[in-house]
Every structure is written in C-alpha cells, then in structure tokens.
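# Structure assessment
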Amino acid sequence: MSDMEPMYGTTLSTESMKVIAESIGVGNLPDEAAKDLAEDVSYRLKEIIQDATKFMRQGRRQKLSTHDIDHALKTKNIEPTYGFFAKDHIPFRFASGGGRELHFIEEKEIDLNEIISMAGGPNWPKLPLETNLRAHWLCIDGIQPTIPENPPPVSKEVQKLESVDPISNRNSNANIGKPGGKSHKLRNVETVHVKQLATHELSVEQQLYYKEITEACVGSDEARRVEAFQSLSADPGLHEMLARMCTFIAEGVRINVVQNNLAILIYLMRMVKALLDNPSLYLEKYLHELIPSVVTCIVSKQLCTRPEMDNHWALRDFASRLMAQICKNFNTSTNNIQTRVTRIFSQALAKNNQTPLASLYGAIHGLCELGSEVIKALVIPKIKSISERIETCFEGSNSSNVDKNAAGHIKTLLIKSVAPVLKTLRSPPDYIEEYKQEYGYIGPPLCTAVAKARTQPTTIAPTTTISITNNTSQQQTSVNTNKTISQAVVLGASRGTAGTATSGGQKFVILQSRSQTPTTQQQVQQKPTQATKLVVVCMPNANHAQSTVTQSSLSSKPQVFVTQSNVEQFSNPLEE
Amino acid sequence: MDKDKSTMLALLQLLHKYNFKDTEELFRKEANLIDVSIEDAQQSDSEVNSVLSAYKSEGDPALYEKSYGELKKFVEGSLDIYKHELGTILYPVLVHMYLELIYNNHSDEGKQLVEKYSPNLEEYYQNDLKKLSHVTKREHMAGNELTDTFKSNQFIIRMSRDTLSILKRYLQEKKHSILLNIIQEHLYFDMYEGVARNKNQIEATSGALVGEATRQDNKAKVYYGLLKEPDIQCVPPSVTEEEEEDNGGPDSDKPKKKKPKKDPLFSKKTKSDPNAPPIGRMPLPNLKDVDKLEKIKALREASKRVVLGPDSLPSICFYTLMNSVNTVISAEIAEDSSLLAVGFNDSAIKVWSLVPQKLRIMKDGEQLADVEREAEDVLVRMMDEKTAETVRTLYGHSGPVYCLSFSPDRNLLLSCAEDGTVRLWSLHTWTCVVCYKGHLFPVWSVKFSPHGYYFATGSHDKTARLWATDSHQPLRIFAGHYSDVDVVQFHPNSNYIASGSSDMTIRLWDCVSGNQVRLMTGHKAPIYSLAFSAEGRFLASAGADSRILIWDLAHGHLVAALPSHTASVYCLSFSRDGNILVSGSLDCSIKLWDFTKLAEEMSLEDVNVSHNPDVKTCTESYLLRSFGTKNSPILALHFTRRNLLFGIGRFDAS
C-alpha cells in the first residue's frame, strides 16, 4: 500500500494558513482552526483545479493554464485572480535553506514610467505575431511526402534507439507512411526470418535521388553542388539512404586519398558536414565509417598532388572542425569518442620527430578544435619540441620549400590558437625571454600574440581561417587557440595493399573493419580501443553495407568519382 | 413497508421537533400513525437526519471494511462464469461505503477503506476514485458534483438472473446490514435472462458515471435512415435547364447520368428507406431556389469524387496555424470547403477563405438601392469589391470560443464561448446578428442542423439544447446528463441529436418528442467528438480515453472499439462515401480507418436485443494508415465533396 500515498495527495500546512491569516490581519489563529482551514482550503483548491482541467481539455490542450483556473473560479461565482497571465508556463524558481523548500515566482518590478518614456524603443514589449495559415500536403494518395513540413519518417529518437538497440523497433511503426501492401509483405517476411535481418529497400525514386545527389556532390557544377548540399542538410527523408551515403563518403575518401584528389576530398567532407547539419538524422550508427574518413582528411601525409601549391591546409582545418562537431554531438560515456579521437591526435604529437609536418599540422589543429582544456593539457606541453622541429625546417639548409611552408602554417596555427589559452594561464607581465625559454623558437611571436590578446578585451572571435563554403562556419564556439607542431599520422586507407605505406615515418593506419574487405585488416599500429569500438558499431550495419553493394544501380560509385575527378581536376574549389 | 414506516416516523419526529403541531396531527391521520408515540420510534436526532438524507449512520465504522472485504472474497471465490458480473458491484459498493463513512464523520476509516481496496478496481474507475478521495468531510459533500450524482442516482448494473440469485443468496446468508442497505438504496439491478456475460463484454459497456444503460433505455425505435433527397432535377425544371445551359449541355449531362452507377449512395437515397423518418416528422425549412442551385452544384461535385477504400486512400491537405500556441482553440470548415473559421482564446473569431474568392462585405443601404435587382449576378453585385480580404475577424464574445459551425448555405456562422452565449454571425455583413442567451455556464459545443435553421448546443450546465435561429428561447432542453455536455452532433436526417458528456455516456435525443431514445455507455473518459456515418446507422465517438468507439443506433450497441491514439481524440470525420473514418488527436497524428470492412464484419444480423454483440477491437486490421504531423495537434478534419481530406492543426513550436 506504499504507493497509495498519492491517492490522498497533499494538504496545505497549518503554518501556511497562519501566515495567510496574519497577512490579512488575523493575529493568532488557533491551531485547531488553522488545521481545519488547511484541510478545507486544500479540498476547495483541488475542486477548482478539477474544474479547470475541463477548460483545459475543451481548449484542446494538455497543459493547464492560469486562464483555466480563472474560468473555473468564474463558474463558481468567485472573482478570478486577475493579473496572473502566463503565456506558456509559470517559471517557478526553487530555493531551499535551513531544511525548508520553497517554490516561488520570480517577478521583476516594472517601472511603468520607464516603459512609457521609452515608447517604441528597443525594450518596448513586442506585439505577438499574427496567427496565419499555411497549407501543405500531409499525404498524397495515402503516401506521406518527405518534405520539411512533415515529420521525418523515422524520428531522431527512434534512430537513436535503433542505434542503441536495433531489435527494439523491428516491428513497430512498420506501416507509417508506407503503402499497405508493402508493409504487410514486410511483416510476413519478418515473421519467417529467424534472424533479424534489416531489409533496406530503396524505392526507384530514392535510388534516383541517391544517384543525382552523389553525382552532384562530386561533380563539376558548383550550383548543383550547393543545391545538393542544401538538400542533404535539410531533407527529412534521408534516413533510409544514410547507410549508403556514409559508405559513399568512406569509399570516396579511401580512394581519393591515394590519388591525392584534394577537390573530391573537400566535397566529401562538405557532404559529411551537410549530413551532420541535418536536424532529422542521427548519425551515431555510421560514425565508424565517418570518423576514419574525417580523421584521414585531417592527418593524412599527403592530400594533394602539389603540396607546395595546393591549399590542403583548408581541408585539414575544415575536417578538424567537423571532428570537433562530431565529438560534441555524439560523445557519450559509453562510446568515449572524444577521448579516443584526442588520443589519436596526441599520439601523433608524441611522435613529433617522425611525423610528417603536414600530419603534425592536422593533429595540432584537430586538438585545438576540441577546446581550450585540450589545448592546455595536450598542446601546450608539446610546444617546445614542436618549435624545435619548426626551427630546423626554417633554419636548416636541407629543408625543402614544402617543409618551410608547412612549418609556417604550423607556426601561425599555434600562435593563433594557443595565445588565447596562454593569456588565461599566465599572469600579465609577458617577457619574451621567459617565453623563449619555455616554448623555444616560437616563444617570441607567441609572446607578442599573447600581449596583443590581452589588449583586446573581447574574446577572440572564432574566425575560421579559410572558409570552405559559406555554410561551414557555425560550429565552433570554442576559441581557436593554438600553437603546435606536429607529428604525423598517415592514413593509408586504400582498399588493396596500401601504397602509402612507403613513407619513412611512422604511420598509423586506421582501418574500418568491414566484413567485405577482410584483406585490409592488417593494422599496423592500431589504437585498440578505436578499432574495437568501430567493430561493435559496425555490426548492426553490416547488412546495410552489403545491400549497398548489391544494389546494381548503385554499385558503380567508384567510377562515379573517378570519372568526375578527371573532368574536374584541380579547379581549386577553395576559391569559391 | 418497514422502510416506509421508518421514513414516516422520521418525518413525524421532525415535525414534532420543529413544533408543527397541526401538520403533525394531519400527517398522523393520513399516515395512519395516530397511536404511535414519538418515543416509540426511539430515534435520535442524528438518525432523523440520516434517514432524510440518503446515508444512515447506523453501524460501526469498522464493520464497513470487514463486510467489503468479505464481499470481495465472495466475488473472487465464486464460479468463473459469474465472477465478472458479480465483480461489477464492487465499485459502486465501495463508493457508497466511502460516502457513508464520510457522511458520518468517519473520514479516517473511509480513507483507509479506499486506500486499501481502490487499487484492485478497474483502471478506468481510478480517476473517479481519485476525485472522490478529495472529499474527506461531510461539508465537502455539499455541492460536489460527483457525490451529488452518486447520492441522487442509483448505480445501474446489468445482471443475468442466475448471477443475481447468487448474489441475493449471499446477502441473505451474511446479513450484513450495511451491505444490504447500500445495495437496496443505491444499486439498481437490470436483470436479464440468459448466460452471464464475460469479462470483455462487461468491460465494453462499463465505465460510465452511473453504471450501464438499462434495457429499457434503448427500446424506443430510432429512425436512423436518411431523408429522401428532394428531387431537384424534376421539381423546378426551369432551374435545372438553365443551369445546364450555363454550363454547356453535354458536359453537365454526363456526370448526372453516371451518378447512380458510380455511387450507390445516391441511388439509395432516392429510394425510400424503411428506417427513414416519415416525411414531415421534423418540420424542415423549405428549399429556396438558391439552395437548390447549391444542391445541384454539390451533386455535380460529388459525381467527380474519388471512391475511397484501402487501395485508394485520400490525399490530405493540412493547414497549419502558425503563431497560435495557446491562442487557438477551435476550427471548423464549411461544408463546401471554401471557408475556415477559427476560434481564439482571446474571444476573437477569424474566418479565412480557402478559395481564391475573397471575403467581401455587403454594400450599405444606399448603395444597395442602386443595385439592379433583376441582374443575374445580383448576389455578387451586392458585395462591395473594395472590402475584399482573405481573412476577417469577428469580435463579440467575452471568453474563449470553444466551437464554431457554419450554416449549410454558408451565410451564417454560429459560435459558442465561455461567456455562456451562442452568437450568430452574418457572413455578408460580417457582424453579429443574434446573441442567444440561455445557457448559464460555458457552452462547449454548437452544431447547425444539416438542413439549416435548427442548431444544437451543449454546455457546462449539463444540458443540451435545441434552438431555431429565429427564436431567443431554446425549442428543447435535453436534460439527463450527469455532467458537462461536451459535444453535440446532429443526425444527418436532422431528427436526432447525439450528445457526449463528461459523465462518459452518449445519449441520443429525439428532437421531435424531446425524449432520450438511446443511452450508450462504454467510454471511460469524457467524450469530445461524435460523427454519424454517411448512411446514418452508425455513430462514431471518441474522447479523452483515446479510443474510438462505433455504435449501432438500431439497438444502441457498441460494435467496435479502436484504441490506437495516444492522446485525447478531438475530431472524427467520415468520408463522403462513408468508406473511411478519420480521427485526429492531440498526439499529432491523423489515422485512417477502414469503415467498409468494419461494417461488413459486424455481426448485425444475429443481434440479441438484450446482449451487446461482441465488440471488434482488432485495431490492426482496420487501421489503414497513420500520418504524423510536426508538433501540430489536430483541431479539425473535413472531407471535401470530392473526398480530399483537409486537416487543421496548430503548430506548437516547443
């Protein structure tokens, strides 16, 4: 009978009664009277609330409002309590102290004179928006079109649930928005299979859409591409194609990294960005494909055919921000994405001297994007060794132009992102000598940067150094503070034997453990955590991946972008 | 006889107490109690009161719990076939025991009793028990709607003869006077011959505030058939011909010939239906020429309509009201789908035009005089072109507008509001024409008759009323519900009004005689939506219990219960051909139901009048499709003449 307590609910306390009595001038209310009053008042209140729910329900709402109470009082011939209007809900504040708990409404006193005097000013209360009417097709001949006005066919929560527990919603919502016959068929199929197989059928339209979108994304027509990204980032109905999209991206990165096709890589990263931005998609299930691709684009030794000319730095910057966004969105205590990604980058830093400069740059940038705490803990301690390396590049006689260029980039990056953090770490007098001693070669410029940062009181705007597209910016709230020197993590991710394995340095091959490519499982020096996690996530999707391949109309992906790349070659996409 | 005597004695004592000597003597004479002395009656003052009120204070409060416990044990231990039927008395007995205890100031025992036993009762009673549990003092009982209802009405329980005799035997054996009294005073057994009902059958019809409907309630004949359509084509031949000429002969001829073949509904209507009410039973307004033209137009449109079914589902055009959180309450679309009216929390009403044609105001008197009366387009000329707008606002109410209804000719709009008034608005002048004051409390629902002129309202004052637009007084007041009348609906033949209430019953009222002809129980929560099927035989209802129930009006039986929604259902609509039922709910979804299949599978033939047939509850096989909206609870649903479905919802951004 323990759960029976709520049946009788609560009654007001006798103290409340006494306080109220005092407030209306009744000095000392006897205990007995207060108790009786409390009981009666509680009953009356409950009755009024009961009546008020009638008004709420007739108002077709599920939330009781102050008006409902007023109306209920009115039917009982009691003067309503005027002046308690709350548009949505009453924001009760909670306070406690001395073992007491108190809920109260925080109300500011408003000086009417002030309001009147600044009539029409910026603080003048806004008029509520006019109610207006908007029509759209909820369904056409029994099929719900996937347009932004309609809810996504599979809600984000369901997708989330599905990624955690794939069996849970096998049988539920089978026939939402799908033609009846089809869903019946599906159900029958499911009852026959002992094993839970995910059948992902794409309609002809969806296949066409997929083809169009992928071609547009990596094609040569910039206007179409923008349109395609727009569609990817806004369309609510992409859920079913997501598996294929992700495979497309992963495969694309894999091949184009080997071919050093910078343009395509940038387009693919923009695709990832668009998918991440789509509010109706939940990507957790596909991170095992996306993260390696993104990391590749950050730390790969070579991303373009002419490292001295092409701006592959922009791609690294962009991919780093993507990585940070992924970490922010999907990091949970079970998957530890952020920790693992951070570890990859910091290990690259640890092997400072063996890592190619470009990879070092990527690793530093990747870390810097993850926030000031990461910079503090992982980047700043390494600055000295990094700056030694840069110094050798600048000063050394045998260093190539490429190296000098890379060293220059690392230097700017470090100064830009580390300075704001150093500003908070170190106390004001900045002595160049100190800096030099502590951070080596890069010390003096860093010192000037910190000093400059101090003079600007406002937080440093997170300017994106190179914007790849106009819609890239939003993400980072984190201050780009940085300074680093890097170490390389080379990602050779080609399907066959990795041709990239030749470079002298150490390399880290992050592989996707995918069932259909068992030959590539030779992980050279693999972070165990990362790999196992990927495998785990991969399992439920194995079928998707496979079905993609078997889709005859879709299987020609690699050609799609190989040919495209020929056409497109190196019109530098960064100029746009 | 004994009981009578004790009541009389009590009365006598009361007279004596207040010193009404003459009356006392007179009463003694009339009641044959001359030689009975008051002391003989040996009743104390408190007992007098309790005989006069419904609850006696006799008996030790501790006995209540014991006898209820024993009753419960008896029910649980009885044979399976009788168990469920016997179980139906547990709830009313508990309620009345509690009320008796409270009345006699044994609140602690009462609380204990309810806390101990209420969790074992059916889920759908918990809400009322909770409400009841708020009452903990005798003073609280005064004026409490729920306790008043229980006190002044007998709880109706249907029981087979066998079950009843078992119960009687038990009561005689045990001789619990408390139990006996309660059962005698507050329970009414509607006995029937035959096998005791099983659990499902009982659950189907239980849940109403004062028990089930008695057999007597649903005995009257209901003319649920449709009225014969006035033969428009023949009666005014001139009109039809003109119309045809206007539209170019061959074009307009074709659809009319096709009609009977295409749509069986029409052919049925022209034949006289044996279940239709006699012509003239309910006086209906005569059709004017304009109405006839409108009818022809409607028929022509109807000929183009899509016949819906599981394989040809309708398209849904959804109108979302933006910026309307907590402001929009009700919405209604005119029969020809050209106008949308929306009722607001702040007493305003807005009317939108859903067609390119804009909303205009009629010219003023002077200008009207200049209009050529013989012109063919006189109606158009009467309107002032300068005032064309797509949306117009009507102000007049002083409280939230809960319901709206367009007249069939679209010249008038009715609205009802929290201020207790019903207003009639002219859509020519865009002003309030009449304010009907009759209801004392908020009016929840208003509906125009499908033939115009009459309208029905339902209110917080527990009555439904029938009005005519040209009278300030209601024509009929339908009293009988024990709680708010939340929704009213006209039967397509205008002879009947159905009302749904917070007492969880649906009643069907005869507009002509004013009698209640059907009482239908089975909902477990207030009812907010009613819809008659296209052929008039079935009634669909839905409400706060998120289920849709289908009733057969011929006998008042529940034939199907369709649970699927997850929040209160506020709108129901049948497609024009009657094949599909749609429901819209606060759970932001619209569901389509296969009504043809449902009607076919109902076992209507072997209907036993006393027995409710088996209720179809197989949601899966009737639910055709469910469409979710984006955070927009559905306020109204409407099928156009061509069977396109319109939905109205308000967007809740949060």
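Everything quoted here is computed from the prediction, not taken from an experiment.

## Points about the overall build of chain A
- Within chain A, the secondary structure is distributed over 23 helices and 3 strands.
- Out of the 576 residues in chain A, the part that is buried amounts to 45%.
- Long-range contacts, defined here as pairs at least 24 residues apart, represent 69% of the contacts in chain A between residues at least 6 apart.
- Within the structure as shown, chain A displays about 28,800 Å² of accessible surface, and the carbon and sulfur contribution to it stands at 56%.

## Thoughts on the overall build of chain B
- If you tally the helices and strands in chain B, you get 22 helices and 31 strands.
- For chain B, the proportion of its 654 residues judged to be buried stands at 58%.
- Sequence-distant contacts in chain B: of pairs separated by 6 or more residues, those separated by 24 or more amount to 61%.
- By element, 50% of the accessible surface of chain B is carried by carbon and sulfur atoms, the whole surface being about 28,000 Å².

## Topic: helix H4 (residues 66–75) of chain A
- Within H4 of chain A, 7 of the 10 residues are buried, which leaves the element mostly enclosed by the surrounding structure.
- Of the positions making up H4 of chain A, those classed as buried are Thr66, Asp68, Asp70, His71, Ala72, Leu73 and Thr75 of chain A.
- Lining the buried residues of H4 of chain A we find helix H3 (31–58) of chain A together with strand E10 (401–406) of chain B.

## As for the confidence of the model for chain A
Residue and element names in this part refer to chain A.
- Overall, the prediction assigns chain A a mean pLDDT of 70, with 69% of residues at 70 or greater.
- Within the model, pLDDT remains below 50 along residues 1–5, and this stretch shows 5 contacts once partners closer than five positions in the same chain are excluded.
- Counting contacts from residues 459–576, a segment whose pLDDT is below 50, to residues more than four positions away or on other chains yields 286 contacts.

## A word on the side chain of serine 417 of chain A
Residue and element names in this part refer to chain A.
- With respect to the secondary-structure elements, serine 417 resides in helix H18 (residues 401–425).
- Under the relative-accessibility criterion, serine 417 is labelled buried at 1%.
- Polar side-chain contacts of serine 417 include one of 2.6 Å to the backbone oxygen of leucine 413.

## Topic: the sheet that holds strand E20 (residues 505–510) of chain B
Residues and elements named next belong to chain B.
- Reading across from one edge, E18-E19-E20-E21 is the order of the 4 strands in this open sheet, with antiparallel pairing throughout. Pairing within the sheet leaves two strands with one partner each, and these edge strands are strand E18 (485–490) and strand E21 (516–521). Neighbour to neighbour, the strand axes of the sheet diverge by 20° on average, direction disregarded.
- Bridge count for strand E19 (residues 496–501) against E20 is 5 bridges, and the pairing is antiparallel. Among the inter-strand pairings, tyrosine 496 is bridged to a residue of E20, identified as aspartate 510.

## A look at the UniProt feature "repeat: WD" (unreviewed entry) in chain B
- Taking the numbering used here, the UniProt-annotated feature "repeat: WD" (unreviewed entry) corresponds to residues 321–354, 394–429, 436–477, 478–519, 520–561 and 562–603 of chain B.
- Secondary structure content for residues 394–429 of chain B is 0% helix and 53% strand, and the end C-alpha separation is 11 Å.

## Side note on the pattern of salt bridges
All names here are of chain B.
- Throughout the structure, instances matching the rule amount to 41 salt bridges over all chains.
- Between lysine 83 and aspartate 80 there is a salt bridge, with its nearest N and O atoms 3.9 Å apart. Of this pair, lysine 83 and aspartate 80 both sit in helix H6 (residues 80–87), 3 residues apart, which is roughly one turn of the helix.
- In this structure, aspartate 148 and lysine 151 form a salt bridge, with 4.0 Å as the shortest nitrogen-oxygen distance. Of this pair, aspartate 148 and lysine 151 both sit in helix H11 (residues 145–152), 3 residues apart, which is roughly one turn of the helix.

## Regarding the confidence of the model for chain B
Residue and element names in this part refer to chain B.
- In the predicted model, chain B carries a mean pLDDT of 83, and 86% of its residues have values of at least 70.
- Overall, residues 41–48 carries pLDDT values under 50, and its contacts beyond four positions in sequence, including any with other chains, amount to 11 contacts.
- With pLDDT under 50 throughout, residues 234–269 is counted as low confidence; its partners more than four residues away or in other chains account for 38 contacts.

## Some thoughts on the interface of chain B and chain A
- Counting from both sides, the interface comprises 72 residues of chain B and, opposite them, 53 residues of chain A.
- Where chain B abuts chain A, roughly 5,500 Å² becomes buried across the two surfaces, and 53% of that area is made up of carbon and sulfur atoms.
- Run the count over chain B and chain A and you get 5 salt bridges.
- Between glutamate 145 of chain B and lysine 54 of chain A there is a salt bridge; the shortest N-O distance is 3.4 Å.
- There are 23 residue pairs in polar contact (both at pLDDT 80 or more) connecting chain B and chain A.
- Those elements that provide at least two residues to the side of chain B that touches chain A are helix H8 (107–117), helix H9 (126–133), helix H10 (138–141), strand E3 (316–322), strand E4 (328–333), strand E5 (339–344), strand E6 (349–353) and strand E29 (623–628) of chain B.
- If you tally residues by element for the side of chain B that touches chain A, the top one is E3 of chain B, at 7 residues.
- When strand E3 (residues 132–139) of chain A meets E3 of chain B, the two strands line up antiparallel, connected through 7 bridges.

What counts, and at which threshold
Residues numbered from 1 in each chain as written. Chains lettered and ligands numbered in written order. Predicted model: local features only at pLDDT ≥ 70, side-chain atom pairs only at ≥ 80, totals over all residues. Heavy atoms only, no water. Helix = DSSP H or I, 4+ residues; strand = E, 2+ residues; numbered from the N terminus. Buried < 20%, exposed > 50% of the residue type's maximum accessible area, 1.4 Å probe, protein only. Contact = heavy atoms within 4.5 Å. Areas by Shrake-Rupley, 256 points an atom, 1.4 Å probe, with all protein chains shown as cover. pLDDT = per-residue confidence, 0-100. Polar contact = N/O pair within 3.5 Å; in protein donor to acceptor, adjacent residues only side chain to side chain. Pairing = 2+ DSSP bridges. Axes fitted to C-alpha atoms, helices over the stretch in contact; angles between N-to-C directions. UniProt positions renumbered as here; feature names shortened; annotations may be inferred. Salt bridge = Lys/Arg side-chain N within 4 Å of Asp/Glu carboxyl O. Buried area = accessible area lost by both parts, 1.4 Å probe.

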